[in-house]
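Each chain is listed here by its residues.
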Amino acid sequence: MTDTPQPPPSHDLVGVGFGPSNVALAIGLREQRECAAADPATPPLSGIFLERQAEFGWHRGMLLDDATMQVSFLKDLVTTRNPASDFGFLSYLHSVGRLHDFINHKTLFPLRTEFHDYLAWCAGRVGDQVSYGAEAVGVEPVRDEAGRIAQLDVLARTSDGALQRRRGRNVVFAPGLTPRLPEGARLSARVWHNEYLLQSLEGLDAGADPRSFVVVGAGQSAAECVEHLYRRFPRARVHAVFSRYGYSPSDDSPFANRIFDPEAVDDFYSASAATKADIMGYHRNTNYSVVDPDLIDTLYQAAYQDKVNGAERMRIHNTSRVADVHDGPGGVTAIVEDLVGGKHTAVEADYLVYATGYDAADPRDLLGEVAEHVASDARGRPAVERDYRLATTDEVTCGLYLQGGTEHTHGISSSLLSNVAVRVGEILDAIGARTGTAAAPAEAAVSGR
């Protein structure tokens, strides 16, 4: 007789992805269990996370040595939810002996490399909750006696090819963002996306001395790429191609920053579709296709200095687009179209970098037959409840939650760090309420971007 396979142990939640959002969720879980330990009437929540990378990493290709965060350090993984937590950025600084140095620096915006170190520090402290090298590849329903989907098995492929099965009464998807390319564009050894900029540069042959780059895009990442390549390769020409007339400054003013407050999520969620569209239109310049004003000044000064010196190393192709790319073993040729006059110019370069943004992954791609029970809006996007739970048919009694990919329902901060701490508190509250369990400690939210 063949033994019946034993089902995997069931957790209160399985987290897909272990970037900043789910690291913050793991911290919330740990804090909830600490509270439960002090209150026998409160059962602890259990959770496990799956991460396809071999170790924690967050946009490593853009950890440029002098790039700073565009968000205050107070918008770390915990502070706006629980200012007393020892997982805050200031606790990190104290642990590495830089607290007073940072205070003397008089800034709200740490270096991006420093903030990455903070995130990795947090991830390491809750590393017992994550399986690295495990990529989620599918979800299967687990039905109760009434035939309803009460739990979910998340299938994950490990680095050695084995298939793991993790069971949860709730699944929290935080798959992150995927690089966006123009239609028809293809990556290659000479055509990159900025997501992999530093890795691509490190992969150049020893002694390589590129003489020309093309950077496509008008946002912060594109401007950072232009500045980095211009400075790193002092003999190279850098072509910046974008459809705008010039780089547009980001709106970082105090009143506009209220769009990133937790209260703004409530306002956006309850607004009509027309008002949601208006809000996004009014405030796109806080985040999309805009550049920090100081960086704009730096680039303009470099371009002007080039003109003074008679060597135009930074070439701005404004009101233009890349109409075609010819990728060959000796370099790339970008066909740049002037959108005003229609003229096409062939720009020869060693490498081309697309800094053309990101798309949020759709969790329904992993859900298999469970996706049939997920409600959609009129445009085919997943319907999401205020607590970030996917709206489903009554046949689904377990919870499917999203961290990211909810911009259409929860507003502009959906894919940003701004509301991560508050959002994980709301998700844990929702899961706790469904299981009769108290969530992680939460304090009054602190406003700001």
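Reading guide: rules and limits
Residues numbered from 1 in each chain as written. Predicted model: local features only at pLDDT ≥ 70, side-chain atom pairs only at ≥ 80, totals over all residues. Heavy atoms only, no water. UniProt positions renumbered as here; feature names shortened; annotations may be inferred. Helix = DSSP H or I, 4+ residues; strand = E, 2+ residues; numbered from the N terminus. Rg over C-alpha atoms; globule rule 2.2 N^0.38 Å. Buried < 20%, exposed > 50% of the residue type's maximum accessible area, 1.4 Å probe, protein only. Areas by Shrake-Rupley, 256 points an atom, 1.4 Å probe, with all protein chains shown as cover. Lys, Arg positive; Asp, Glu negative; His and termini not counted. Charge placed at Lys NZ, Arg CZ, Asp CG, Glu CD. Phe/Tyr/Trp six-rings, centres within 6.5 Å; stacked < 30°, edge-to-face > 60°. Lys NZ or Arg CZ within 6 Å of the ring centre and 35° of its normal. Contact = heavy atoms within 4.5 Å. Domains from an automatic or database assignment. Buried area = accessible area lost by both parts, 1.4 Å probe. Salt bridge = Lys/Arg side-chain N within 4 Å of Asp/Glu carboxyl O. Polar contact = N/O pair within 3.5 Å; in protein donor to acceptor, adjacent residues only side chain to side chain. Nonpolar A, V, L, I, M, F, W, Y, C, P; charged D, E, K, R; others polar. Pairing = 2+ DSSP bridges. Right-handed = clockwise from strand over helix to strand, strands pointing away. Core = buried A, V, L, I, M, F, W, Y, C linked by side-chain atoms within 4.5 Å.

As annotated in an unreviewed UniProt entry, the protein carries the name L-lysine N6-monooxygenase MbtG and is attributed to Streptomonospora salina. In its Catalytic activity (unreviewed entry) section, the UniProt record describing the protein reads: "L-lysine + NADPH + O2 = N(6)-hydroxy-L-lysine + NADP(+) + H2O". Reading the Sequence similarities (unreviewed entry) entry of the UniProt record for the protein gives the comment "Belongs to the lysine N(6)-hydroxylase/L-ornithine N(5)-oxygenase family."

Visitor: Got a minute to help me understand the overall build of the protein in this structure?
Guide: Helix and strand counts for the protein come out as 12 helices and 19 strands. Against the compact-globule benchmark of 22 Å for 449 residues, the protein has a radius of gyration of 24 Å, which places it among compact chains. Taken along the three principal axes of its C-alpha coordinates, the protein extends 75 × 55 × 50 Å. Counting over 449 residues, the protein shows a buried share of 49%. Of the roughly 21,100 Å² of accessible surface on the protein, 50% is carried by carbon and sulfur atoms. The average position of the 42 basic charges and that of the 60 acidic charges among the side chains of the protein differ by 3 Å.

Visitor: Even after reading the chapter, I still don't get the packing of aromatic side chains, so can you show me in this structure?
Guide: Two aromatic rings are characterised by how far apart their centres lie and by the angle between their planes. Counted according to the given criterion, the structure contains 17 aromatic pairs. Each residue in the set Phe-73, Phe-87, Phe-89, Tyr-92, Phe-102, Phe-115, Tyr-118 and Trp-121 is aromatic and connected to the rest through ring pairs, giving one cluster. Directly above the ring of Tyr-351 sits Arg-190, whose terminal nitrogen or CZ lies 5.1 Å from the centroid. The residue whose ring lies beneath Lys-276 is Phe-268, and the NZ or CZ to ring-centre distance is 5.5 Å.

Visitor: Sorry if this is basic, but what is going on with the side chain of His-373 here?
Guide: Relative to the helices and strands, His-373 resides in the loop between α10 (364-367) and β19 (399-402). In this structure His-373 comes out as buried when scored by relative accessible area, which is 12%. Those residues in contact with His-373 that sit more than four places away from it in its chain are Arg-143, Ile-149, Ala-391, Thr-392, Thr-393, Glu-395 and Val-396.

Visitor: Where do I start with the domain arrangement of the protein in this structure?
Guide: Accessible area lost on assembly of the parts is the figure often given for the size of an interface. In terms of domains, the protein is made up of domain 1 (10-176 + 361-435) and domain 2 (180-250 + 287-358). A separation of 34 Å is found between the C-alpha centroids of domain 1 and domain 2. At the junction of the two partners, domain 1 supplies 14 residues and domain 2 supplies 17 residues. For the pair domain 1 and domain 2, the summed buried area comes to about 1,100 Å², and 50% of that belongs to carbon and sulfur atoms. Three residues stand out in domain 1 for area buried against domain 2, namely Gly-61, Met-62 and Leu-64, and they jointly supply 42% of the buried area on that side. Arg-231 serves as the salt-bridge partner of Asp-66, at 3.3 Å between the closest nitrogen and oxygen. Seen at the junction of domain 1 and domain 2, the total is five residue pairs in polar contact (both at pLDDT 80 or more). Residue classes in the side of domain 1 that touches domain 2 are distributed as six nonpolar, three polar and five charged.

Visitor: What is the right way to read the pairing of strand β12 (residues 237-241) from this model?
Guide: Looking along a regular strand, one sees the side chains alternate between the two faces of the sheet. Most of β12 is tucked away, with four of its five residues classed as buried. For strand β11 (residues 212-216) and β12, the ladder comprises five bridges, and the chain directions are parallel. Residue Val-215 lies in a different strand from β12, and its bridge partner there is Ala-240. Once you follow β11 into helix α6 (residues 220-232) and on to β12, the crossover reads as right-handed. Both β12 and strand β13 (residues 314-317) contribute to a ladder of four bridges, which runs parallel. In the strand pairing of β13, Ala-240 is matched with Ile-316.

Visitor: In this structure, what is going on with the pattern of salt bridges? I would like to understand it.
Guide: Note that side chains of opposite charge can pair when their charged atoms are close. Inspection of the entire model under this criterion finds 25 salt bridges. Salt-bridge contacts for Arg-30 lead to Glu-34; the nearest nitrogen and oxygen are separated by 3.4 Å. Of this pair, Arg-30 and Glu-34 are both found in helix α1 (residues 20-38), four residues apart, which corresponds to roughly one turn of the helix. By relative accessible area, which is 26% here, Arg-30 ends up partly exposed. The partly exposed category is assigned to Glu-34, whose relative accessible area is 46%. Close ionic contact of Asp-144 with Arg-148 constitutes a salt bridge, the shortest N to O distance being 3.4 Å. A relative accessible area of 39% places Arg-148 in the partly exposed class.

Visitor: When you look at the environment of Phe-115 in this model, what are you seeing that I'm missing?
Guide: Examined against the element boundaries, Phe-115 turns out to sit in helix α4 (residues 112-125). Along the primary structure Phe-115 and Met-69 are separated by 46 residues, whereas in three dimensions their C-alpha atoms are 7.7 Å apart. In this structure Phe-115 touches Trp-58, Met-69, Lys-75, Asp-76, Phe-89, Pro-110 and Leu-417, once residues within four positions along its chain are discounted.

Visitor: Where do I start with the nonpolar core in this structure?
Guide: A general trend in soluble globular proteins is that nonpolar side chains are found buried together. Counting residues in each nonpolar core, the largest one holds 40 residues, and the members touching the most others are Val-23 and Leu-77. Elements with a contribution of two residues or more to this core: α1, α2 (89-95), α4 and α12 (420-435). When near neighbours in sequence (up to four residues on either side) are disregarded, Val-23 contacts Phe-18, Phe-56, Leu-77, Cys-122, Ala-123 and Val-126. Core analysis: the second largest hydrophobic core is formed by 34 residues, Leu-197, Leu-201, Ala-222 and Ala-355 among them.

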